[in-house]
Amino acid sequence: MSKSSICLLNTRPEHQSQPLDELLNANGFQTLPCPSLEIVGKTISPKQRQSLDELVSQKSFDAIFITSVNALVGWVNQCPEHFVRNNAPVQMKAKDTGRLNFDLKDVSLVHELACPVFAIGEATAQAAQNLGLQVKLFPRKQFVSEDLMQQILLDFQVFADVPPRRVALLSGVGGRNVIKTQLSEQGSLVEEFELYRRQPAQFCFDSWRVFVKSSRPVILVSSLESWQSLFTLLVDWDSDYQSFKNSVWQSIESWLVFSPRIKQSMVEQGVPEAKICVVSIQSNQGILDSLQRMSLP
């Protein structure tokens, strides 16, 4: 495998970075760790805890939507008794101010859910399947949240005749309300469970110094929150990063982002549009495919 001159700044949270690093390194790309966010637990109310118990006990809910792997991890940490590890009780508990335990190896749901499960994104679907959930749908390619319900209606006809009466939405604090809004507009009663929250990580001074001196530095931006946190960390470190016209930004070859929405927000902030590339698939493989296209002569 020939080595690429591209160096990717991996801004994903620490627990999510290793699989991407391994894939890219195996294909000749250099990566540097620079998590801009960390994921921590959020305690839900006793009433919501009771609702999650009802979900697992096959009562009341007609469908469940899971927005991310982090939401699944938050569920396991929040309600470990809903799951088993190798047929034994799961010993893990999230604390409101503490990091989540992301070790889900051999963890599975106590029993299969009766209602359909919808996972947003390939990684979420895979993690849900690993927990024993029977996933009915996930977008396999690039998708826009605003179009998601339309995709469900057209491709699967799941809710075309009778919308689900009660829906559980597993998410995190500060997420977008598009899915909840669209389900509500179709007549569903949506109960949202915010099972984690994001907070800024410590800035990766050492990685950044090496990164900006590399031949072809590329910054990964998998979420708008991740980019905003990285930008704030850079400006706090050196105020010259406040403007993209300043020389400190000139060495950056490109930004690899996960959606047109992220790209548009960054363009409005001043990032040169020509330097922003949107992945075709929001996954590790999609990142690799994009970097391989960038490497073509």
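Note that this is a predicted model, so its numbers are computed, not measured.

Examining the packing of aromatic side chains
- Evaluated as defined, the whole model comprises 20 aromatic pairs.
- Measuring from ring centre to ring centre gives 4.8 Å for phenylalanine 65 and phenylalanine 118, while their planes differ by 20°; the resulting arrangement is stacked. Residue phenylalanine 65 is found in strand 4 (residues 63-66), and its partner phenylalanine 118 is found in strand 8 (residues 117-119); the two are separated by 53 residues along the sequence. Just as phenylalanine 65 is buried, phenylalanine 118 falls in that class too.
- Aromatic pair tryptophan 208 and tyrosine 241: ring centres 5.9 Å apart, planes at 75°, arrangement edge-to-face. Here tryptophan 208, found in helix 7 (residues 205-211), pairs with tyrosine 241, found in the loop between helix 8 (224-237) and strand 14 (254-257); they are 33 residues apart in sequence, far enough to count as distant. Pair check on accessibility: tryptophan 208 and tyrosine 241 agree, each one buried.
- Three or more aromatic residues link up through ring pairs in this structure, and these residues are Phe203, Phe205, Trp208, Phe211, Trp227, Phe231, Trp237, Tyr241, Phe244, Trp249 and Trp255.

Details of the state of the cysteines
- One pass over the full model with this rule turns up one disulfide.
- Here cysteine 34 connects covalently by a disulfide to cysteine 204, the sulfurs 1.8 Å from one another. Torsion about the S-S bond of the cysteine 34 and cysteine 204 cystine: about -65°, corresponding to left-handed handedness. Taken as a pair, cysteine 34 in the loop between strand 2 (30-33) and strand 3 (37-41) and cysteine 204 in the loop between strand 12 (196-200) and helix 7 lie far apart in primary sequence, 170 residues in all.

Examining the sheet that holds strand 13 (residues 216-221)
- The strand order across the open sheet formed by five strands is 2-1-13-14-15, and the pairing between neighbours is parallel. Among the strands making up the open sheet, the edge pair consists of strand 2 and strand 15 (276-278). Geometrically, the sheet is characterised by an average inter-axis angle of 25° between neighbouring strands, direction not taken into account.
- Judged from the four bridges that link them, strand 1 (residues 6-10) and strand 2 form a sheet pairing that is parallel. Residue pairing across strands places cysteine 7 opposite glutamine 30, the latter belonging to strand 2.

Calculation rules
- Residues numbered from 1 in each chain as written.
- Predicted model: local features only at pLDDT ≥ 70, side-chain atom pairs only at ≥ 80, totals over all residues.
- Heavy atoms only, no water.
- Phe/Tyr/Trp six-rings, centres within 6.5 Å; stacked < 30°, edge-to-face > 60°.
- Helix = DSSP H or I, 4+ residues; strand = E, 2+ residues; numbered from the N terminus.
- Buried < 20%, exposed > 50% of the residue type's maximum accessible area, 1.4 Å probe, protein only.
- Disulfide = S-S within 2.5 Å.
- Pairing = 2+ DSSP bridges.
- Axes fitted to C-alpha atoms, helices over the stretch in contact; angles between N-to-C directions.

That's the geometry; what it means functionally is another story.
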